[in-house]
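Single-letter residue listing:
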Amino acid sequence: MKPSEVSAFLNRVVKRHPVEPEFHQAVAEVVHSVAPFIAANPRYRKARILERMVEPERVISFRVTWADRSGEVQVNRGHRVQMNSAIGPYKGGLRFHPDVTLGTLKFLAFEQTLKNSLTTLPMGGAKGGADFDPKGRTDEEVMRFCQAFMNELWRHIGPDTDVPAGDTGVSEREIGFLFGQYKKLRNAFGGVFTGKGIPWGGSHIRTEATGYGLIFFVEEMFRHVGASIIDKQIALSGSGNVAQFAAEKAMLMGAKVITWSDSSGFVHDPAGVDPQKLAFVKDLKERKRGRIKEYAEKFKCAYHAGKRPWGVKCDVALPCATQNEITGDDALALVKNGCRCVAEGANMPSTPEAVRVFLDKKILFGPGKAANAGGVAVSGLEMSQNSLRLSWTREEVEKRLSEIMTNIHRQCAQYEQRKGFVNYVNGANIAGFRKVAEAMLDQGLV
Ligand code: NDP
């Protein structure tokens, strides 16, 4: 594709999906990566694969009405974006957050399609959620909301159709309530969710998978250049699921984690996280649903209100909170301070300007669709275990996860390696795109 064709294509996407800047951003990144590959393979152009890939196969939007603890009626909006089912049933998380919009979910569903393809497992791409904020809600309110949400979603999902999972604001508690209501309405106990509790069909390591997989990917990137994660200083953002288990695995592999954050600010702990501090964060965020500021008070370290950790000197940066949390200026500050590796635990946490800085400076940069694919990979393994009606051991699942992350790394390096430098952005986009595109060609105009 010529540059003029790429711009015309992107203009059409903006026109067809107005007011969805994150979706435009995600599509632009992929299109720039795959344009030369498409030019070299005219059959993709002829079948208009790219045009079809950016158009969701189905979008469901619905009202969610429920009553809070004081009997007040609440009205939220739920969505499910079923993006692409060329290589398997739709698969992707649900996000409950006040900022959720259809545009955010479209961007996430598009990314998910390519990410799922990279895992080598048979999963299509989807994403869903609602503009519901679980913060400050009681367990009972969360249950009522989940039941009301499922009262509509159940008719659009199923083990061979669409298998949701958790994401921001949706963890095991919410999955339990959602699964319970699905089971009640459908009168069937099936593998319709991943991230389930172990006693009722969940997989070992699913909770840990995204964070652990991220660190396995970082280690692969270092290994590729003859280095290792051992003794590296790591600045990470977030203090939720991905951040906690990335910190745990990094610590176990001999690195030092020196920051945490949440949406209110970040803590800088130069002494490094240890098992006791990690247990404190897990309890703070999972049970007490508290603020990261309390970590700074408890362990006597600096807290920076309203700031992100990218000005801290580190070897590795792991953004594990949210989209567009590393700006171009943050990226320049990281590189100036000696950061050699950035791997995205969150989805699209680096702005396009930040990505350009990392690629120009030729540091190791692992984009989310490769680096954080461990979560969905273990979700795929959970689906396999449900179909087989058996449960693999912790060790077995972790070994498979590690092999999948190595395989994802190999696929990225296969497509985009020049003079020893791997452009993982192009590599992940091309490898993910190719498998979906081939399946779409095989299946005709559907
Ligand atoms: P959690 O809800 O467990 O944690 C999210 C963390 O990010 C919290 O610390 C939260 O702080 C912080 N955060 C949320 N919004 C903002 C914001 N606008 N600014 C600063 N900090 C913010 O989510 P996860 O850990 O599950 O997910 C984190 C990211 O990783 C998301 O982008 C998600 O899509 C991605 N991801 C998750 C996977 C998974 O398996 N869980 C799989 C692949 C990707 P606070 O407590 O203040 O809200």
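Every chain is numbered on its own, with residues counted from 1 as its sequence reads. The predicted origin of the model limits local features to residues at a pLDDT of at least 70 and limits the giving and counting of side-chain atom pairs to 80 or more, whereas totals for whole chains, interfaces and linings rest on all residues. As a convention, hydrogens and water are excluded, and side-chain values are obtained from all of the structure's heavy atoms.

A.B. asks: I tried to follow the overall build of the chain on my own but got confused; where do I start?
C.D. replies: Secondary structure elements are taken from DSSP: a helix is a run of H or I of four residues or more, a strand is a run of E of two residues or more, and numbering for both begins at the N terminus. What the chain contains, in helices and strands, is 17 helices and 15 strands. Radius of gyration here is computed from C-alpha atoms only, and the compact-globule reference equals 2.2 Å multiplied by the residue count raised to the power 0.38. Since a compact globule built from 446 residues should have a radius of gyration of about 22 Å, the 21 Å found for the chain is in line with a globular shape. By its C-alpha atoms, the chain is 60 × 60 × 45 Å across when sized along the principal axes. Partly exposed residues are those whose accessible area sits between 20% and 50% of the maximum for their type, while under 20% is buried and over 50% is exposed, using a 1.4 Å probe and protein chains only. Here the chain, with 446 residues, has 58% of them falling under the buried criterion.

A.B. asks: Would you explain the domain arrangement of the chain in this entry?
C.D. replies: Interface size is commonly expressed as the accessible area that is lost once the parts come together. Where each domain begins and ends follows an automated or database-derived domain assignment. In terms of domains, the chain is made up of domain 1 (3-53), domain 2 (58-188) and domain 3 (209-366). For domain 2 and domain 3, the distance between their C-alpha centres works out to 27 Å. The partner domain 3 presents 7 residues to the 10 residues of domain 2 that form the contact. Put simply, buried area is the surface a 1.4 Å probe can reach on two separate parts but cannot reach once they are joined, added for both. Here domain 2 packs against domain 3, burying approximately 660 Å² in sum over the two surfaces, 38% of which is carbon and sulfur. Salt bridges, as used here, are contacts in which a Lys or Arg side-chain nitrogen is within 4 Å of a carboxyl oxygen on Asp or Glu. Along the contact surface separating domain 2 from domain 3 lie 0 salt bridges. N or O atoms closer than or at 3.5 Å make up a polar contact, with two conditions inside protein: a donor-capable atom paired with an acceptor-capable one, and, for residues adjacent in sequence, both atoms drawn from side chains. There are 2 residue pairs in polar contact (both at pLDDT 80 or more) connecting domain 2 and domain 3. Ranked by residues supplied to the side of domain 2 that touches domain 3, first place goes to helix α5 (residues 102-118) with 4 residues. Three residue categories are used. Nonpolar comprises Ala, Val, Leu, Ile, Met, Phe, Trp, Tyr, Cys and Pro, charged comprises Asp, Glu, Lys and Arg, and polar comprises the others, including Gly. Each residue belonging to the side of domain 2 that touches domain 3 can be placed in one class, and the counts come to 2 nonpolar, 2 polar and 6 charged. Here, residues are in contact when the closest pair of their heavy atoms is within 4.5 Å.

A.B. asks: Please explain the sheet that holds strand β2 (residues 73-84) as it appears in this structure.
C.D. replies: Think of a sheet as strands paired side by side through backbone hydrogen bonds, with each pair either parallel or antiparallel. Here the rule is simple: two strands pair whenever DSSP picks up at least two bridges between them. Pairing in this open sheet of 5 strands is mixed, and the strands run β1-β2-β4-β3-β5 from one edge to the other. The open sheet has two edge strands, β1 (58-67) and β5 (162-165), and neither has a second partner. This sheet shows a mean twist of 20° between the axes of neighbouring strands, independent of strand direction. To obtain an axis, a line is fitted to C-alpha atoms, over the contacting stretch when the element is a helix, and the angle between two such axes runs from 0 to 180 degrees between their N-to-C directions.

A.B. asks: Sorry, what's going on with the pairing of β2 here?
C.D. replies: The two faces of a sheet get side chains in turn, since along a regular strand they alternate between them. Note that β1 and β2 share 10 bridges and pair antiparallel. Within β2, the position partnered with Arg58 by the bridge is Gln82. Looking at chain direction, β2 and strand β4 (residues 125-130) are connected through 6 bridges and run antiparallel. Opposite Asn84, over in β4, you have Gly125 as the bridge partner.

A.B. asks: Can you walk me through the pairing of strand β3 (residues 90-96) in this structure?
C.D. replies: In terms of burial, β3 is a largely internal element, 7 of the 7 residues being buried. Inspection of the sheet shows β3 paired to β5 by 4 bridges, in the parallel sense. The partner of Gly92 across the bridge, within β5, is Pro164. Here 3 bridges tie β3 to β4, and the two strands are oriented parallel to one another. Paired with Phe96 across the two strands is Ala130, which belongs to β4. Crossover handedness is defined by viewing with both strands directed away from the observer: a clockwise path from the first strand over the helix to the second marks the crossover as right-handed. As a crossover connection, the stretch from β3 through α5 into β4 is right-handed.

A.B. asks: For this particular structure, what's the right way to read the nonpolar core?
C.D. replies: Nonpolar side chains tend toward joint burial in soluble globular proteins. Here the nonpolar core consists of buried residues drawn from Ala, Val, Leu, Ile, Met, Phe, Trp, Tyr and Cys, with membership extended through side-chain atoms lying within 4.5 Å. Core analysis: the biggest nonpolar cluster contains 64 residues, and Ile234, Leu236, Trp260, Tyr295, Leu318 and Ile408 have the highest contact counts within it. In terms of residue count, helix α8 (residues 206-224) provides more of this core than any other element does, 9 residues in total. Formed jointly, this core draws a minimum of three residues from each of two domains, domain 2 (58-188) and domain 3 (209-366).

A.B. asks: I'm lost on the environment of Phe358 in this one. Help?
C.D. replies: Among the structural elements, Phe358 can be located in helix α13 (residues 352-360). By relative accessible area, which is 0% here, Phe358 ends up buried. With 16 residues separating them along the chain, Phe358 and Val342 place their C-alpha atoms 8.1 Å apart. For Phe358, the residues in contact, after removing those within four places along its chain, are Ile326, Ala331, Leu334, Val335, Val342, Ser350, Ile363 and Phe365.

A.B. asks: Is there a simple way to explain the site of the ligand in this structure?
C.D. replies: Whether a residue is near a molecule or strand depends on its heavy atoms: it is near if one of them lies within 4 Å of it. Not every one of the 25 residues close to the ligand is listed here, only the nearest: Arg95, Asp167, Thr210, Ser263 and Arg291. Here Ser263 contributes a side-chain N or O atom positioned 2.4 Å from an oxygen atom of the ligand. The side chain of Arg291 places a nitrogen or oxygen atom 2.7 Å from an oxygen atom of the ligand. Contact with the protein chains hides 85% of the accessible area of the ligand, taken as 890 Å² for the molecule alone. Secondary structure elements with two or more residues in the shell around the ligand: α8, α9 (241-252) and β8 (259-262). Looking at the shell around the ligand residue by residue, the classes come out as 4 nonpolar, 13 polar and 8 charged. Looking at which domains feed residues into the shell around the ligand, each of domain 2 (58-188) and domain 3 (209-366) supplies at least three. Here, Shrake-Rupley sampling with a 1.4 Å probe gives the accessible areas, and only protein chains in the shown set may cover a residue.

A.B. asks: Any chance you could explain the side chain of Lys106 here in plain terms?
C.D. replies: Relative to the assigned elements, Lys106 resides in helix α5. Ignoring anything within four residues of it in the chain, the contact list for Lys106 reads His17, Glu20, Phe23, Pro56, Val81 and Met83.

A.B. asks: Even after reading the chapter, I still don't get the pattern of salt bridges, so can you show me in this structure?
C.D. replies: A side chain of one charge can pair with a side chain of the opposite charge when the charged atoms of the two come close. Applying the stated criterion to the full structure yields 29 salt bridges. Notably, a salt bridge pairs Lys127 with Asp167, separated by 3.2 Å at the nearest N-O pair. Residue Lys127 is located in strand β4, and its partner Asp167 is located in the loop between β5 and α7 (172-186); the two are separated by 40 residues in the primary sequence. Residues Arg394 and Glu208 are paired through a salt bridge, measuring 3.2 Å at the closest nitrogen-oxygen approach. Of this pair, Arg394 sits in helix α16 (residues 394-415) while Glu208 is found in helix α8, placing the two residues 186 residues apart along the sequence. We classify Glu208 as buried; its relative accessible area is 10%.

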